[in-house]
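Residue-level structural notes
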Amino acid sequence: MLLDTAYNIGTPEGVELRLPVAGLAPRSLAWLIDALIKFLSLTVLSIILELLGDLGTGIYLLLIFGLLWFYNVLFEIFNHGATPGKRALGIRVMNANGTPVGWSGSLLRNLIRVVDALPGCYAFGCIAVLLSRQFQRLGDLAAGTIVVYAPRQTVGSKPGDVPPVPLKAHLSLDEQQAIVSFGERANFLNAERAEELAAILDPMLDGVDRNALVGHANWLIGERKLP
Amino acid sequence: MRQEAFESRHAATWATFETWIDALSTPRFAQRSEHESRETISKNFPAMYRQVCHHLALARTRRYSIALQQRLNQLALDGHQHMYRTRTPFLTSIGLFLARDFPATFRKEWRFMLASTLLFYLPALVMALAVVLLPETIYSLLDPGSVSRMEEMYDPANEAIGRERGSDSDFQMFGFYIYNNISIGFRTFAGGLLFGLGSLFFLIFNGLYFGAVSTHLTVAGFTETFWPFVSGHSSFELTAITIFGGVGLMLGYGALAPGRMTRWQSIRSRAQSGLPLIYGGTLMLVAAAFVEAFWSSTVWPPASFKYSVGAFLWVLHGLYFFLLGRNES
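Quick notes on the rules
Residues numbered from 1 in each chain as written. Chains lettered and ligands numbered in written order. Predicted model: local features only at pLDDT ≥ 70, side-chain atom pairs only at ≥ 80, totals over all residues. Helix = DSSP H or I, 4+ residues; strand = E, 2+ residues; numbered from the N terminus. Rg over C-alpha atoms; globule rule 2.2 N^0.38 Å. Buried ≥ 20, exposed ≤ 12 C-beta atoms within 10 Å, placed from the backbone. Contact = placed C-beta atoms within 7 Å. Domains from an automatic or database assignment. Pairing = 2+ DSSP bridges. pLDDT = per-residue confidence, 0-100. Axes fitted to C-alpha atoms, helices over the stretch in contact; angles between N-to-C directions. Parallel < 35°, antiparallel > 145°, perpendicular 65-115°, else oblique. Left-handed = near helix turned anticlockwise from the far one by under 90°. Core = buried A, V, L, I, M, F, W, Y, C linked by C-beta atoms within 7 Å. Nonpolar A, V, L, I, M, F, W, Y, C, P; charged D, E, K, R; others polar.

What follows concerns the overall build of chain A. Secondary structure summary: chain A contains ten helices and four strands in total. Put simply, chain A runs from its N terminus to its C terminus through helices and strands in the order β-β-α-α-α-β-α-α-α-α-β-α-α-α. In terms of C-alpha radius of gyration, chain A reaches 25 Å, well past the compact-globule figure of 17 Å for 227 residues. Along the longest, intermediate and shortest principal axes, the C-alpha atoms of chain A span 80 × 35 × 30 Å. Residues counted as buried form 40% of the 227 residues belonging to chain A.

Below, the structure written as structure tokens:
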């Protein structure tokens, strides 16, 4: 877990919520997508507004202003903390205490964006993301916000369909948990890799193979219909 | 308890909790019939949320599978987000904000407001004196091209052609002022994060620029076009710029003198307390752009009338910032 980017939020209920924070790469890509969206919509709109003459130019300048400063703010507030780019990358913004980002947080982090963009190519922002513990840019640090991976549907929550096999050896809780995790992932591993992983336990559990290990996993989570 | 028994015992609870989360995440107008009413949900939500947190803690200590832990972590996190959401009544309380919070914050942070006002007007004054004594000083700040463009804009001689605009181009200028001025305001604020240096730069530079241009045009004898034009929106625009600069100085001060907090904590708390000033400054610049585009550009009112309006607005600003919101703060 030491290498994990998990960020822990303590709650009043006495449990810690765990969130994986998003690093430089997904955030830059999300920014790139957003920049493209802004650029394309401005290009299309400028062609339409061109027809309106000076009035069109006025509207166009208002739109640039709106997109430049409030595109991120409005999306973050009304779209569960994600601009279209962030949504595409599966990340979103929230307050550092795990609550949804509000007007103050979003506005501050997006106004201070201009400092992150200094002296060019978001250099300050990138350095801040790389140096700070929760991958925060300067705007995030000043506003108290973080960017995290939005939850994905957890896959394979049930071990494969193998009859439960009782465990003979005495195993610690962590070891038991490892076996259950293996059982849940076994269906997503290719056969050779699954056998290879199972073989690690050979010295501990005599002659164990993939199926036997999935069976152990089923036994550990509580299935008792023995063959 | 084995994991499977645990899961089957609480599956119904978790499923209900999931539908509640779903119902609370959907906006009111899009509520679907299978959702329970908000009243029922909000009455029972806290108890159910605490139960889910309890289940998560159990699942961790009993080393249930990672997948189950992740699912419960997610449920608890979603619950946490709805439980502790703070809804800032941003648009509904705007009246209260204008009548109380904005001027009250302005007075509370008077040291920074004063500092940024001085940082803006003193350089302006120095530059004005310099231009009066040595007219060519203006070229140390602006290149000859921009000076002659500036002169052309306010030359009384071309008033007949250049000054009268249609409402279309008024709107174009409105868009331009919004885009340009508010962006400058935001940058003046954000630059403060660099230990105040950015705000310092924008304040002093804009002060010098303002002093140089206004004095140059006055000396050149364009008073009857320049001053009536700027008098209307000057109170909004100049005050707003010093406000943005002041909040930037607050950020910088927070970074330089964190006191007992960590540096970032101190910056965060300064930014939070300066936030009403940013909202207010933005509104003022919108007002300034409006006045500048649709009132300042008109040529029919006599200069004396425009000066009166300008002076009236300055007095109004003074009264607003010194009198409003006193009893509650």
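Now for the interface of chain A and chain B. Each side of the interface is counted separately: chain A has 49 residues, and chain B has 49 residues. For the side of chain A that touches chain B, the elements supplying multiple residues, two or more each, are β2 (16–20), α2 (54–78), α4 (103–111), α5 (113–116), α7 (138–143) and α8 (173–185) of chain A. Sorting elements by how many residues they give to the side of chain A that touches chain B places α2 of chain A first, with eleven residues.

Bringing the domain arrangement of chain B into the picture now. By domain assignment, chain B separates into domain 1 (3–83) and domain 2 (94–323). On a C-alpha basis, the centroid separation for the pair domain 1 of chain B and domain 2 of chain B is 52 Å.

In this model, Y122 of chain A sits at a positive phi of 55°, which is unusual for a non-glycine residue. With respect to the helices and strands, the residue Y122 of chain A is situated in the loop between α5 and α6 (123–131). For R63 of chain B, which is not glycine, the phi dihedral falls at a positive 55°. Note on placement: R63 of chain B falls in the loop between α2 (38–61) and α3 (66–83). On the neighbour-count criterion, R63 of chain B (18 C-beta atoms within 10 Å) is partly exposed.

All names here are of chain A. Inspection of the sheet shows strand β1 (residues 6–10) paired to β2 by five bridges, in the antiparallel sense. Bridging from a neighbouring strand, Y7 pairs with L19 of β2. Between β1 and β2, which follow one another and run antiparallel, lie five residues, and G14 among them has a positive phi close to 85°.

Glancing now at the confidence of the model for chain B. In the predicted model, chain B carries a mean pLDDT of 86, and the fraction of residues at 70 or more is 94%. Overall fold confidence (pTM) sits at 0.77, and the ipTM for the predicted complex is 0.74.

Before going further, it helps to spend a moment on the packing of helix α10 (residues 223–256) of chain B against helix α12 (residues 303–323) of chain B. Residues and elements named next belong to chain B. Interhelical geometry of α10 versus α12 gives an angle of 15° and a closest axis separation of 9 Å. Classed by the angle they form, the pair α10 and α12 counts as roughly parallel. As α10 packs across α12, the resulting crossing turns out to be left-handed. Where α10 abuts α12, its residues E224, P228, S231, G232, S234, S235 and T239 lie against A303, K306, Y307, V309, G310, L313, W314 and H317.

Looking now at the nonpolar core. One recurring pattern in soluble globular proteins is that nonpolar side chains are buried together. Of all hydrophobic cores here, the largest spans 105 residues; its most connected members are I112 and A142 of chain A together with A76 of chain B. For this core, the leading source of residues is α10 of chain B, giving 13 residues. Excluding anything up to four places from it in sequence, I112 of chain A contacts L138, G139 and A142 of chain A together with A190 and L193 of chain B. In terms of nonpolar packing, the next biggest core, distinct from the first, is built from 16 residues, V180, V214, L220 and I221 of chain A among them.

Moving on, we get to the packing of helix α5 (residues 110–133) of chain B against α10 of chain B. Residues and elements named next belong to chain B. As a packed pair, α5 and α10 sit with axes 8 Å apart at the nearest point and diverge in direction by 120°. Taken together, α5 and α10 sit at an angle that is classed as oblique. The interaxial crossing formed by α5 with α10 has right-handed handedness. Between α5 and α10, the contacting residues are F112, M113, A115, S116, T117, L119 and F120 on the first element and I241, T242, I243, G245, G246, L249 and M250 on the second. Looking at the contact of α5 with α10 residue by residue, the class counts come to nine nonpolar, five polar and no charged.

Attention now goes to the pairing of strand β3 (residues 91–95) of chain A. Regular strands place their side chains on alternate faces of the sheet. Residue and element names in this part refer to chain A. Judged by how many residues are buried, β3 sits mostly within the fold: five of five residues are covered. Note: β3 against strand β4 (residues 145–149), five bridges, orientation antiparallel. Bridge pairing in β4 places N95 opposite T145.

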